[in-house]
Every structure is written in structure tokens, then in C-alpha cells.
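Here are the chains, one letter per residue:
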Amino acid sequence: MAKDLEILAAPSVDPQIWKHELQHTDGQGGGQLSITNLSAGIKFKKGALINFDFTTKEVNPVKNALVVAGGTTSAPRVTKKHLFKVGEFVYVSGDAVTINAINTSNSAYDVLTLSAACTGASAGAYLEQASAAGASPSPKFLANAINGESKYDIRGGERITPVLWIFQLIKKSALPYEASPARLADLSGFKFA
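Residues numbered from 1 in each chain as written. Predicted model: local features only at pLDDT ≥ 70, side-chain atom pairs only at ≥ 80, totals over all residues. Heavy atoms only, no water.

What follows deals with the sheet that holds strand S7 (residues 89-91). Read once around its circumference, the closed barrel built from six strands follows the order S5-S6-S9-S8-S7-S10, with strand pairing classed as antiparallel. Examined bridge by bridge, strand S6 (residues 77-78) and strand S9 (residues 110-114) share two bridges and lie antiparallel to one another. Paired with Arg77 across the strands is Val111, a residue of S9. (Pairing = 2+ DSSP bridges. Helix = DSSP H or I, 4+ residues; strand = E, 2+ residues; numbered from the N terminus.)

Looking now at the side chain of Ser180. Relative to the assigned elements, Ser180 resides in the loop between strand S14 (169-170) and helix H1 (181-186). Here the side chain of Ser180 touches Glu128 through a polar contact of 2.6 Å, side chain to side chain. Among all residues touching Ser180, those that are not within four sequence positions of it are Asn64, Tyr126 and Glu128. (Polar contact = N/O pair within 3.5 Å; in protein donor to acceptor, adjacent residues only side chain to side chain. Contact = heavy atoms within 4.5 Å.)

Attention now goes to the nonpolar core. Generally speaking, soluble globular proteins have nonpolar side chains that are buried together. The biggest cluster of nonpolar side chains holds 15 residues, and the ones touching the most others in it are Trp18, Leu49, Ile166, Ile170, Leu175, Leu187 and Phe190. The contacts of Trp18, once residues within four sequence positions are left out, are Gln23, Lys46, Gly47, Ile146, Asn147, Gly148, Val163, Ile166 and Gln168. If you look at the next biggest cluster of nonpolar residues, it comprises 13 residues, including Leu38, Ala48, Ile50 and Tyr177. (Core = buried A, V, L, I, M, F, W, Y, C linked by side-chain atoms within 4.5 Å. Buried < 20%, exposed > 50% of the residue type's maximum accessible area, 1.4 Å probe, protein only.)

Tallied over the entire structure, the rule returns three aromatic pairs. Here Phe52 and Phe54 contribute two aromatic rings whose centre-to-centre distance is 4.8 Å and whose plane-to-plane angle is 65°, an arrangement assigned as edge-to-face. When its relative accessible area of 2% is taken as the criterion, Phe52 is described as buried. Assessed through its relative accessible area of 47%, Phe54 is described here as partly exposed. (Phe/Tyr/Trp six-rings, centres within 6.5 Å; stacked < 30°, edge-to-face > 60°.)

Read these as layout, nothing more, since geometry by itself doesn't imply function.
Following this line, the structure appears as C-alpha cells:
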């Protein structure tokens, strides 16, 4: 007997982090997501901190990870709410080091194996993405917007709606990925609780 109708599971619904009538977007059709800073095939979620280049219209994720107890400064445990990938650079308060491996086998946390000890990578600290390894690191991207809608199975070239202001208090705990206080402070058009 031929199958005429196949019932599939409904896609997950994005959480309503803010009221859309209280948001202000770029108004110019959004930007194009750069996949060089993301792993292929991931879901890039609504509410992610982004850097939107108003000239080129390129959108890049702003990455942080919250360190949790139990790891070391050369192999910190971090919450699952991060976008880091192997080969990227991270720092807290000292030199930036390279992520050599990411172990995702534990359901409660990931372990980042680093090229050297990361000064300050203790429980409660945020790993920031650096533009390069070495002394005097700086953030690779500063947050100037928030992703307005989730994108599934990232392959490249996806259009992103940058939300530039939201006239509503946003719960930091509702954000899909960790966001350090420094990166939240970059977002002058937003208020977080």
C-alpha cells in the first residue's frame, strides 16, 4: 500500500524572548551570515549576540562561554550554551590560547582542551573569543545587534535580521548562548536583567 501522507514532528518553536512590536531592525533587508565563524549544520538561534557590519552587511556571531566548576585552566568545563569550535582563540584575563579540542560527551558541560593554561578560566568566568592567540588579546567581534530569528542547518549565505534596539527588558537567562557582561555592555540599545 502506497503511503500518501507522512506525519512529521513539528519544528521546535523559538522562545518569545521579546515582543516583536518593540524591536527595531536595520530596516535594510538584514545581513548575510558568515559561516567561517560557525560549524556547518548547526542551528543559529534567535537571541544570539551578533556583530553586524553596516557597510558589507556581513553578520558574525559574538562568542562567549561560561566556565563551570570541575575543570582546569588548560581544560575548562563550560556550559553547553556556546558556539566555539576547534581552532578558535579564547581568553579571560591573560594571553589568548587556542582551542585544540572540544569534548561534548558529557550531557551537563563541554570540556575545551586548550593549547596552554588560560589565565582566569575558573568557575564563573567567561571565555571571550579573541582575534588572535598571544599577549594583549582583544575580542574578535563586539556585539552591536541580536539575531532576530533562528536559522536551521547552517550552510552559508543565510539572511539574518539584526535587531538593533528592543524597548523591553530582556532576561539574560532567556538568551540561547552565554553572553559575558562585557559583551552585553556593548549593546547600548538593550536592557538586560
